[in-house]
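Structure assessment
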Amino acid sequence: MPWRSRGKPDQRAELMLGALSVAVLVLIALMTLTVFAKAWPSFSHNGFISWFLPGGDVDQQIKAIENGPKTAGHYVYHLRAWPLLWATMLTTGLAVLFGLVLSILAAIFIVEFAPPPLRRVLDPVVRLLAGVPSVLYGLIGILVLAPWINANLISNGRKESVENVVQLNGNGLGLATLILMVMITPIMVSLIAGALGAVPKSWTEGSAALGVNRWRTTWRVSLRTARPAIIAAAVLATGRALGEAIMLAMVAGGRGFAPNLLDGFTVVFEPARPLAATIIQNFEELGDPPLAQTLYAFAAVLLISTALLSLAGWAAKQPLKRYGIR
């Protein structure tokens, strides 16, 4: 009888957890359906493919949507979102790429080479940096770094070379990428360092016993074992970067512009406002139906992007199961 009495609370706990899981899934499904239902008018009026293509000044198009007729059936929806999409891909991709390299090197140093006293200091510092509010990074960027870049790195000749297209003032792609990289790197360092620290000592000691040097052991044994954590860190950091809005709205240049890689080094200083920052800059106009539906379309693209990102991370880890790595 006692085991039966203990079984009932376990069953109730399982039912509660199951119900909670189902409720979360239902909530996510409802959120997704709401976003896509609200976003559909923007896609349908522009054509699903055309919505993603270049064509005109996207800021002027958003302003025309906001100032257009307020009568249903006469709303203005014309939009070509490529500049915002390109800026999102550039800032996120570059920040994750450079941040991942730095994170792997930093994690290797912390786990394999740092003296124990230094390691005890670095671990909490990394976690602290991962939790710093993004608005603080934005303030440092707009008040300190942007004026310094404008005064020391952007020459008058460089400004004049693109003044007919865009104004350079220190805020732009380079600053946005730099601060975004600083924001997401501690997250990746923490995850990768934790995975490297969990590699069985017998594996690395066995490699060392075979005469393999410390760096090669780290590269061939520890990093290979930690590959799932590296993939997870990259996916998590990319999701954070895609959704970052406040900081990017402050330092990305404030204009919907597609940085031109043919401009050479000047492209680093050109404005590049991503989708999430555009939503933040226009959220006060959510009472305007066509503009609200346009912002929902931006949100739908971000939602699809994070879903595809998670799927890609899952697919990337599948081949590793052959080696017993999960």
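Counting restarts for each chain, with residues numbered from 1 along the sequence as it is written. Restriction of local features to residues with pLDDT of at least 70 applies here, the model being predicted, together with a cutoff of 80 or more for giving and counting side-chain atom pairs; totals for whole chains, interfaces and linings are based on all residues. Neither water nor hydrogens contribute to the side-chain values; these are computed over all heavy atoms in the structure.

1. Some details on the packing of helix α10 (residues 227–243) against helix α13 (residues 289–317)
To get an axis, a line is fitted to the C-alpha atoms, and for a helix only the part in contact is used. The angle between two axes follows their N-to-C directions and goes from 0 to 180 degrees. Runs of E in the DSSP output that reach at least two residues are strands. Runs of H or I that reach at least four are helices, and both are numbered from the N terminus. Two elements in contact, α10 and α13, have axes separated by 10 Å at closest approach and are oriented at 175°. Between α10 and α13, the angle falls in the class roughly antiparallel. Along the contact surface, α10 presents Pro228, Ile231, Val235, Thr238, Gly239 and Leu242, while α13 presents Leu302, Ser305, Thr306, Leu309, Ser310, Gly313, Ala316 and Lys317. Roughly parallel refers to an angle under 35 degrees, roughly antiparallel to one over 145, roughly perpendicular to one between 65 and 115, and oblique to any angle outside these ranges. We call two residues in contact whenever any of their non-hydrogen atoms come within 4.5 Å of each other.

2. Quick look at the confidence of the model for the protein
A residue's pLDDT is simply how confident the predictor is in it, with values from 0 to 100. Here the protein averages 86 in pLDDT, while 95% of its residues score no lower than 70. Put simply, helix α8 (residues 201–209) is where the protein has its lowest mean pLDDT, 74, and helix α3 (residues 82–113) is where it has its highest, 93.

3. Quick look at a positive patch on the surface
Distance thresholds for patches are 9 Å for like charges and 5 Å for nonpolar side chains (Val, Leu, Ile, Met, Phe, Trp, Tyr), applied to residues having over 30% relative accessible area and no salt bridge. Throughout, the Shrake-Rupley method with a 1.4 Å probe supplies accessible areas, and for residues the shown protein chains are the sole cover considered. For this document, the term salt bridge refers to a Lys or Arg side-chain nitrogen within 4 Å of an Asp or Glu carboxyl oxygen. Charge counting treats Lys and Arg as positive and Asp and Glu as negative, with His and both chain ends excluded. To locate a charge, the coordinates of NZ of Lys, CZ of Arg, CG of Asp or CD of Glu are taken. A contiguous patch of positive charge, built from Arg216, Arg220, Arg224 and Arg227, is present on the exposed surface. Per-element tally for the positive patch: the top contributor is helix α9 (residues 214–225), with 3 residues.

4. Let's talk about helix α12 (residues 275–282)
Note that an α-helix has 3.6 residues per turn; residues three or four places apart therefore point the same way. With a 1.4 Å probe rolled over the protein chains alone, any residue whose accessible area is under 20% of its type maximum counts as buried; one over 50% counts as exposed, and the rest are partly exposed. Leu275, Ala276, Ala277, Thr278 and Asn282 are the residues of α12 that are buried. If you follow the buried residues of α12, they end up packed against α2 (58–67), α3, α10, α11 (246–251) and α13.

5. Here we look at the environment of Arg224
Relative to the helices and strands, Arg224 resides in helix α9. C-alpha of Arg224 to C-alpha of Val199: the two residues are 25 residues apart in sequence and 9.9 Å apart in space.

6. Quick word on a nonpolar patch on the surface
Judged by side-chain polarity, Val135, Leu136, Leu139, Ile140, Ile142, Leu143, Val144, Ile246, Ile280, Phe283 and Leu286 come together as a nonpolar surface patch covering roughly 920 Å² of accessible area. When you line up the elements, Leu136 lands in helix α5 (residues 134–152). Judged by relative accessible area, Leu136 falls into the partly exposed class, the value being 42%.

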